[in-house]
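# A look at the structure
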Number of protein chains: 2
Amino acid sequence: MLKTFPIETSARHIHLSREDCDKLFGEGYELSPMKELFEPGHFVSVEHVSIIGPRDELKDVSVIAPLREQTQVEISLSDARRLGLKPPIRISGDLAGSEKCKIRGPKGEVELEEGVIVAKRHLHISKKDAKELQVQEGQNLSVLAESAERSVVFRDVIVRIGPDDFNVAMHVDTDEANAAGLTQNSQGKIVEIRYV
Amino acid sequence: MLKTFPIETSARHIHLSREDCDKLFGEGYELSPMKELFEPGHFVSVEHVSIIGPRDELKDVSVIAPLREQTQVEISLSDARRLGLKPPIRISGDLAGSEKCKIRGPKGEVELEEGVIVAKRHLHISKKDAKELQVQEGQNLSVLAESAERSVVFRDVIVRIGPDDFNVAMHVDTDEANAAGLTQNSQGKIVEIRYV
């Protein structure tokens, strides 16, 4: 029985559309894998971009492949404050009316009209594991993350069910990882809490 | 009956010793108040310093008055990562063996050998309110902080009892505030949780 699962921290990153990849890196440019990700065929590329807001910019932001229909920039609220941006907290892909920014690559710039979000925390899980844990797509969980100095119960963890080769992992951003004192080996556990 | 209390977010800041204040701002320099703080006689000064680590630096860091016995730099783990520092998570004043950094002011620099910490979250409370809430100095609480998208139960909230003019407030750093989606008006509530 699946009792705990890894909590993985997503640092700031960007997913590019074909069109924006062309503008930033040149026509028809192909991203090169640097590090494989847990989803088959997904990788952190060797390429990086700068994210530019009205107050400051973040250099060396990782580009995640493969390309997508729409460019999506995922940052933390700490990053947002630094940049002077006000992105909404959203599930990946839900970009309508989200924040704008400028992106700079080695071959050009993109004025992104929407696509900047803070990722809503979620539990990535296969159909099989979801059955075992008795959780449903879109369900809102509470997950206990224990650490030496600052344990947290994360509420509002959304279940995202994928194919059967999907590794189970909870995804949080760097602010969330820091607030709970998470390390590379931190585990989460679904809890039901009762306030007494 | 006191049911909820404000959760206040402490952005990065520094407390200076007389000696370090002299080095940074000049012999006998007096800090000027910009904004009063909740503890009587404490204020955010108009003066600022830069905090310098091996990877990067943070400009315009607020100096909090009055002066203290020992200089203390309070940053978030997001700040620490950016600076390339590894401060421990500590209650204010517990500085032995904590992280080092360089501090730059308009008149000079200080090589701080220890004093950089990430503040351990805590509940500031008067003796009177502590009696009402039935909490003791040093007690470890769980506090529910609700927000639209990412509610959190903060565990490991330490009770710090002060004089009777002490306003009750929970203090968190910017990572913790961001992880819980806190706003300026967020309230916390002591909860006892039972896992079912």
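Predicted model only: the values in this text are computed from it and were never measured.

Quick notes on the rules
Residues numbered from 1 in each chain as written. Chains lettered and ligands numbered in written order. Predicted model: local features only at pLDDT ≥ 70, side-chain atom pairs only at ≥ 80, totals over all residues. Heavy atoms only, no water. 1 Å grid on protein atoms, 1.4 Å probe; cavity = no way out; pocket = protein on both sides within 12 Å on 5 of 7 lines; lining within 4 Å. Points joined across faces, edges and corners; volume = space filled by probe spheres on them. Core = buried A, V, L, I, M, F, W, Y, C linked by side-chain atoms within 4.5 Å. Buried < 20%, exposed > 50% of the residue type's maximum accessible area, 1.4 Å probe, protein only. Contact = heavy atoms within 4.5 Å. Helix = DSSP H or I, 4+ residues; strand = E, 2+ residues; numbered from the N terminus. Salt bridge = Lys/Arg side-chain N within 4 Å of Asp/Glu carboxyl O. Buried area = accessible area lost by both parts, 1.4 Å probe. Nonpolar A, V, L, I, M, F, W, Y, C, P; charged D, E, K, R; others polar. Least-squares fit on C-alpha atoms with pLDDT ≥ 70 in both. Phe/Tyr/Trp six-rings, centres within 6.5 Å; stacked < 30°, edge-to-face > 60°. Pairing = 2+ DSSP bridges. pLDDT = per-residue confidence, 0-100.

Right, let's get into empty space enclosed by the protein. By the definition in use, this model includes 1 cavity of 30 Å³ or more. Roughly 60 Å³ of volume is contained in the largest cavity.

Core analysis: the biggest nonpolar cluster contains 40 residues, and M170(A) and M170(B) have the highest contact counts within it. Contact partners of M170(A), with chain neighbours within four places excluded, come to F5(A), P6(A), I7(A), E8(A), R121(A), H122(A), L123(A), V143(A), F154(A) and V157(A).

With that settled, consider helix α1 (residues 18-25) of chain A. All names here are of chain A. All buried positions along α1 are accounted for by D20, C21, D22, L24 and F25. Close packing links the buried residues of α1 with β2 (13-17), β4 (43-52), β5 (57-68), β8 (99-104) and β9 (109-119). Following α1 by one or two positions, G26 adopts a phi angle in the positive range, close to 110°.

It is worth spelling out the environment of A177(B) at this point. All names here are of chain B. Its location among the elements puts A177 in helix α4 (residues 174-179). A sequence separation of 170 residues divides A177 from I7, and the C-alpha atoms of the two residues are 8.6 Å apart. Discounting chain neighbours no more than four positions away, the residues touching A177 are T9, V172 and L182.

All right, on to the side chain of D22(B) then. Residues and elements named next belong to chain B. Note that D22 resides in helix α1 (residues 18-25). Judged by its relative accessible area of 18%, D22 falls in the buried class. Non-local contacts of D22, meaning those with residues more than four positions away in its chain, are made with E27, G28 and Y29.

Here we come to the side chain of R90(A). All names here are of chain A. Following the sequence through the fold, R90 ends up in strand β7 (residues 89-90). Its relative accessible area of 18% is what places R90 among the buried residues. Aside from chain neighbours lying at most four places away, what touches R90 is L95, A96, G97, S98, I117, V118, A119 and K120.

The subject of this paragraph is the pattern of salt bridges. According to the stated counting rule, one finds 30 salt bridges over all chains in the structure shown. The shortest N-O distance in the salt bridge between R155(A) and E146(B) comes to 3.7 Å. A residue pair is termed interchain when its members come from two chains, as with R155(A) in strand β12 (residues 152-162) and E146(B) in the loop between β11 (140-145) and β12 (152-162). Note on E146(B): relative accessible area 51%, which makes it exposed. We note a salt bridge from K59(B) to E57(B), for which the minimum N-O separation is 3.4 Å. Residue K59(B) is classed as exposed on the basis of its relative accessible area, which comes to 56%. Connected through shared salt-bridge partners, E57(A), K59(A), K102(A), R104(A) and E109(A) make up one network.

Another aspect to go through is the interface of chain B and chain A. Taken together, the contacts link 31 residues of chain B with 31 residues of chain A. Carbon and sulfur atoms make up 49% of the area that chain B and chain A hide from each other, which totals about 2,900 Å². The tally of links from chain B across to chain A stands at 8 salt bridges. Those elements giving two or more residues to the side of chain B that touches chain A turn out to be α2 (77-83), β9 (109-119), β12, α4 and β15 (193-195) of chain B. Broken down by class, the residue content of the side of chain B that touches chain A amounts to 13 nonpolar, 4 polar and 14 charged.

What follows is about the environment of I125(B). Residue and element names in this part refer to chain B. Tracing the chain through its elements places I125 in strand β10 (residues 122-126). Overall, the relative accessible area of 0% leaves I125 in the buried class. Note: C-alpha distance between I125 and I161 (36 residues apart in sequence) is 5.0 Å. Dropping the residues within four chain positions of it, I125 is found in contact with A130, L133, V135, V159, R160, I161, G162, F166 and V168.

Between chain B and chain A, the superposition needs a rotation of 180° and an axial shift of 0.0 Å, giving an RMSD of 0.0 Å. Between the two chains, the operation in question is that of a two-fold axis. Interface overlap between copies is the fraction of interface residues in one copy that are interface residues in the other; for chain B against chain A it reaches 100%, indicating a shared surface.

Take the packing of aromatic side chains next. By the definition in use, this model includes 2 aromatic pairs over all chains. Centre to centre, the rings of F25(A) and Y29(A) are 5.3 Å apart; their planes meet at 25°, and the pair counts as stacked.

Attention now moves to the pairing of strand β3 (residues 33-36) of chain A. Residue and element names in this part refer to chain A. Two strands pair when backbone bridges link them, and β3 and β4 are joined in this way by 3 bridges, in the antiparallel orientation. Across the sheet, P33 pairs through a bridge with S45, a residue of β4. Here β3 hands over to β4 after 6 residues, with G41 in that stretch at a positive phi of 85°.

Quick look at the confidence of the model for chain A now. Any segment with low pLDDT has predicted coordinates that should not be analysed in fine detail. In the predicted model, chain A carries a mean pLDDT of 95, and 98% of its residues have values of at least 70. Model confidence for the complex: the whole-complex pTM is 0.96, and ipTM, which rates the interface, is 0.95.

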